[in-house]
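One-letter residues, chain by chain:
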Amino acid sequence: MINYFKKLKKDYRTRNPKLKSSAFELLKYIGPGLLVTVGFIDPGNWASNFAAGSEFGYALLWVVTLSTVMLIILQHNVAHLGIVTGLCLSEAANKYLPRAGSRFILWSAIGASISTSLAEILGGAIALQMLFDIPIKLGAVLVTIFVFIMMFSNSYKKIERYIIAFVSLIGLSFIYELFLVEIDWPVAIESWVKPSIPEGSMLIIMSVLGAVVMPHNLFLHSEVIQSRQWNLEDDKVIEKQLKYEFFDTFLSMVIGWAINSAMILLAAATFFREGMIVDDLGQAHSLLQPLLGNNAVIVFAIALLFAGISSSMTSGIAAGSIFAGMYDEPYNIKDIHSRTGVVISLGVALLIIFLISNPFMGLIISQAILSMQLPITVFLQVRLTSSEQVMGKYANKSFTKWMLYTIAGIVTILNILLLISFFVDFNFQ
């Protein structure tokens, strides 16, 4: 009798396919974009956002909006590569570029991943120092070990769920912090859409804009978007994937925009109001206590710890994908090449942390390396996604191609200027 009713229910659903909710269908595709969002709210972004809010108040909120728009366009485009070809950016470069050129690009991308991992591990270590007074280098070891355990003992699906949980906790932490301060919402809303360049703000504007698009995130998105399996021979399936991917990317980047905005709002409502300029995360932590109390300080440090751990994991996945791509293999943590890429990125980053005497200078150098490599990855992406040989009928149309090249040019100029400013500051110190 039970089987009979099950059959009736199944037959009814077959005759009425609209019963399957499109909303629930969409939810199945949420996840890959959130892994990219983690790179958008990493400890490096925290430092830039708190510097922007503490020195210029709400005035630079528009930079977060502009950078998010650029990020949506680039990440959406590189995800198309993974959906249409079934290849990540590394595999595609290895397949369609001359060997010498692809090896140079991919090894430079590994270097960028190492630089990213260095900043993320340091961010987690700083959080541990805030919470438990653990020395930076010991904290870096603990963060690295934890990340290794998480990555080597869990499947991608579980890691994705952990990342979603971490992003949610980071977001909730800043919502809690914002309830403790008084925000001038009319000014904030205007600042989100009205560009202004206060005197002396260009370096921070370049830092926020130039560091939002990160090389490893472009490799990462083209890889993790393939976690949703599909039939590449069926155009209808590909079209459906492209549509749902945009929803995932757009939603995830908006979440990143909200969290980055919350950092600037918090800094503006606390430090800027009190005339305090913050250029160090440890300084932000110590200054928050007299302004917002112990609970806010603890929540701040916990959120930073989750940001450091989660972004270290995504940086490791990106490195594993890049290294495996050199051997025409997709990312698989059980595969030796993927594991090697993860170990290179996290292991070398930890080694560098032990070799440098000044962690803050290490962060500066890591951002300089990212600035040098990013234009290479962005132009590689646009070239591949604009090629009919690679993408077939899904290659970028003329308008899309030149829009992408324009964004790539803007990102390149910003990073060159940022790189110059790093070296100028370094020479004057």
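Remember, it's a predicted structure, so these values are computed and weren't measured experimentally.

*Asks:* How should unusual backbone geometry be read in this particular structure?
*Replies:* Negative phi values dominate among residues other than glycine, just as trans dominates among peptide bonds. Of note in the backbone geometry, aspartate 133 takes a positive phi value of approximately 60° without being a glycine. With respect to the helices, strands and loops of the structure, aspartate 133 is situated in the loop between α7 (99–132) and α8 (136–153). Judged by its relative accessible area of 65%, aspartate 133 is exposed. Not every positive phi belongs to a glycine, and aspartate 328 is a case in point at roughly 60°. Among the secondary structure elements, aspartate 328 is positioned in the loop between α15 (294–325) and α16 (336–355).

*Asks:* Any chance you could explain the packing of aromatic side chains here in plain terms?
*Replies:* Taken as a whole and assessed by the stated rule, the structure comprises 13 aromatic pairs. Geometrically, the ring pair formed by tryptophan 46 and phenylalanine 300 is edge-to-face, given 5.4 Å between the ring centres and 65° between the ring planes. Separated by 254 residues along the polypeptide, tryptophan 46 in helix α4 (residues 43–56) and phenylalanine 300 in helix α15 bring together distant segments of the chain. Assessed through its relative accessible area of 0%, tryptophan 46 is described here as buried. Both rings, one in tryptophan 107 and one in phenylalanine 323, keep their centres 5.9 Å apart while their planes meet at 80°; by these two values the pair is edge-to-face. One end of the pair, tryptophan 107, is in helix α7; the other, phenylalanine 323, is in helix α15, and 216 residues separate them in sequence. Residue class for tryptophan 107 comes out partly exposed when judged on its relative accessible area of 44%. Ring pairing ties together the aromatic residues Trp46, Phe50, Phe174, Phe271 and Phe300, which thus form one cluster. The residue whose ring lies beneath arginine 339 is phenylalanine 152, and the NZ or CZ to ring-centre distance is 4.7 Å.

*Asks:* Would you mind showing me how to read the pattern of salt bridges here?
*Replies:* Here the idea is simple: oppositely charged side chains can pair when their charged atoms come close. Applying the stated criterion across every chain, the model contains 1 salt bridge. With a closest N to O distance of 3.4 Å, glutamate 190 and lysine 194 form a salt bridge.

*Asks:* Hey, could you run me through a nonpolar patch on the surface in this one?
*Replies:* A surface patch of nonpolar side chains, about 440 Å² in accessible area, is lined by Leu169, Leu172, Ile175 and Phe179. Note on placement: phenylalanine 179 falls in helix α9 (residues 156–179). Judged by relative accessible area, which is 71%, phenylalanine 179 ranks as exposed.

*Asks:* I tried to follow the nonpolar core on my own but got confused; where do I start?
*Replies:* Buried together is how nonpolar side chains tend to be arranged in soluble globular proteins. Membership of the largest hydrophobic core comes to 131 residues, with the highest contact counts inside it found for Trp46, Phe50, Phe174 and Met313. If you tally residues by element for this core, the top one is α15, at 15 residues. Contact partners of phenylalanine 50, with chain neighbours within four places excluded, come to Phe174, Met263, Leu266, Ala267, Phe271, Val278, Ala284 and Phe300.

*Asks:* Hey, could you run me through the environment of aspartate 335 in this one?
*Replies:* Within the fold, aspartate 335 resides in the loop between α15 and α16. In this structure, the C-alpha to C-alpha distance between aspartate 335 and alanine 324, residues 11 residues apart in sequence, is 8.5 Å. Polar side-chain contacts of aspartate 335 include one of 3.0 Å to the backbone nitrogen of histidine 337.

*Asks:* Help me understand the packing of helix α5 (residues 61–85) against helix α10 (residues 185–193), please; the structure alone is not making it clear to me.
*Replies:* Two elements in contact, α5 and α10, have axes whose closest approach is 6 Å; the angle formed by their N-to-C orientations is 40°. Our classification of the angle between α5 and α10 gives oblique. Two packed elements cross with a definite hand, and for α5 against α10 that hand is right-handed. Contact with α5, carried on its side by Leu61, Trp62 and Thr65, involves Ala188, Ser191 and Trp192 of α10 and no other residues of that element. Classifying every residue of the contact of α5 with α10 by side-chain character gives 4 nonpolar, 2 polar and no charged.

*Asks:* For this particular structure, what's the right way to read the confidence of the model for the chain?
*Replies:* Keep in mind that low pLDDT regions are not for reading the predicted coordinates in detail. Looking at the chain, the pLDDT average stands at 80 and 83% of residues meet or exceed 70. Across the chain, the element-wise mean pLDDT spans from 40 in helix α1 (residues 2–15) up to 92 in α16. Here residues 1–21 is modelled with pLDDT under 50, and outside its nearest four sequence neighbours on either side it reaches 3 contacts, counting other chains as well.

*Asks:* What is the right way to read the side chain of histidine 216 from this model?
*Replies:* Within the secondary structure, histidine 216 sits in helix α12 (residues 215–224). Accessibility expressed as a relative area gives 1% for histidine 216, which makes it buried. With sequence-adjacent residues up to four places away left out, histidine 216 is seen in contact with Thr116, Thr314, Ser315 and Ala318.

*Asks:* How should I be thinking about α10 in this particular structure?
*Replies:* One turn of an α-helix holds 3.6 residues; hence residues three or four places apart share an orientation. Taken residue by residue, α10 has Ala188, Ser191 and Trp192 as its buried positions. The arc that holds the buried residues of α10, viewed along the axis, is 105°, so those residues lie on one side. Facing away from the buried side of α10 by more than 90 degrees, the exposed set consists of Pro186 and Val193.

Quick notes on the rules
- Numbers given to residues run from 1 along each chain, matching the order in which its sequence is written.
- Where totals are concerned, whole chains, interfaces and linings use all residues; where local detail is concerned, this predicted model gives features only for residues with pLDDT of at least 70, and gives and counts side-chain atom pairs only at 80 or more.
- Hydrogens and waters are ignored; side-chain quantities use all the structure's heavy atoms.
- Strands here mean DSSP runs of E at least two residues long; helices mean DSSP runs of H or I at least four residues long; both are numbered from the N terminus.
- Residue exposure (1.4 Å probe, protein chains only): buried if accessible area is under 20% of the type maximum, exposed if over 50%, otherwise partly exposed.
- For Phe, Tyr and Trp, rings pair up if their centres lie within 6.5 Å, where Trp contributes its six-membered ring, and each pair is then called stacked (planes under 30 degrees apart), edge-to-face (over 60) or tilted (otherwise).
- The criterion for a charge sitting over a ring is simple: Lys NZ or Arg CZ within 6 Å of the ring centre, and within 35 degrees of the ring normal.
- By convention in these notes, a salt bridge is any Lys or Arg side-chain nitrogen within 4 Å of a carboxyl oxygen on Asp or Glu.
- Residues enter patches when they are more than 30% accessible in relative terms and free of salt bridges; like-charged ones are connected within 9 Å and nonpolar ones (Val, Leu, Ile, Met, Phe, Trp, Tyr) within 5 Å.
- Under the convention used here, a 1.4 Å probe and the Shrake-Rupley method define accessible areas, while residue burial counts only the protein chains that appear.
- Remark: nonpolar core denotes a set of buried residues (Ala, Val, Leu, Ile, Met, Phe, Trp, Tyr, Cys) joined through side-chain atoms within 4.5 Å.
- Should any heavy atoms of two residues lie within 4.5 Å, those residues are considered in contact.
- Pairs of N or O atoms are called polar contacts if they sit within 3.5 Å, as long as, within protein, a hydrogen donor faces a hydrogen acceptor (for residues adjacent in sequence, only side-chain-to-side-chain pairs).
- Axis angles are defined between N-to-C directions and span 0 to 180 degrees, where every axis is a line fitted to C-alpha atoms and, for a helix, only to the segment in contact.
- Each angle is binned into one of four classes, with values under 35 degrees roughly parallel, values over 145 roughly antiparallel, values of 65 to 115 roughly perpendicular, and all other values oblique.
- We call a crossing left-handed when the near helix sits turned anticlockwise from the far one by less than a right angle, and right-handed when that turn is clockwise.
- All amino acids are sorted into three groups, where Ala, Val, Leu, Ile, Met, Phe, Trp, Tyr, Cys and Pro are nonpolar, Asp, Glu, Lys and Arg are charged, and the leftover types, Gly among them, are polar.
- pLDDT: the predictor's confidence for each residue, scored from 0 to 100.
- Directions drawn from the helix axis to the C-beta atoms are what define this arc.

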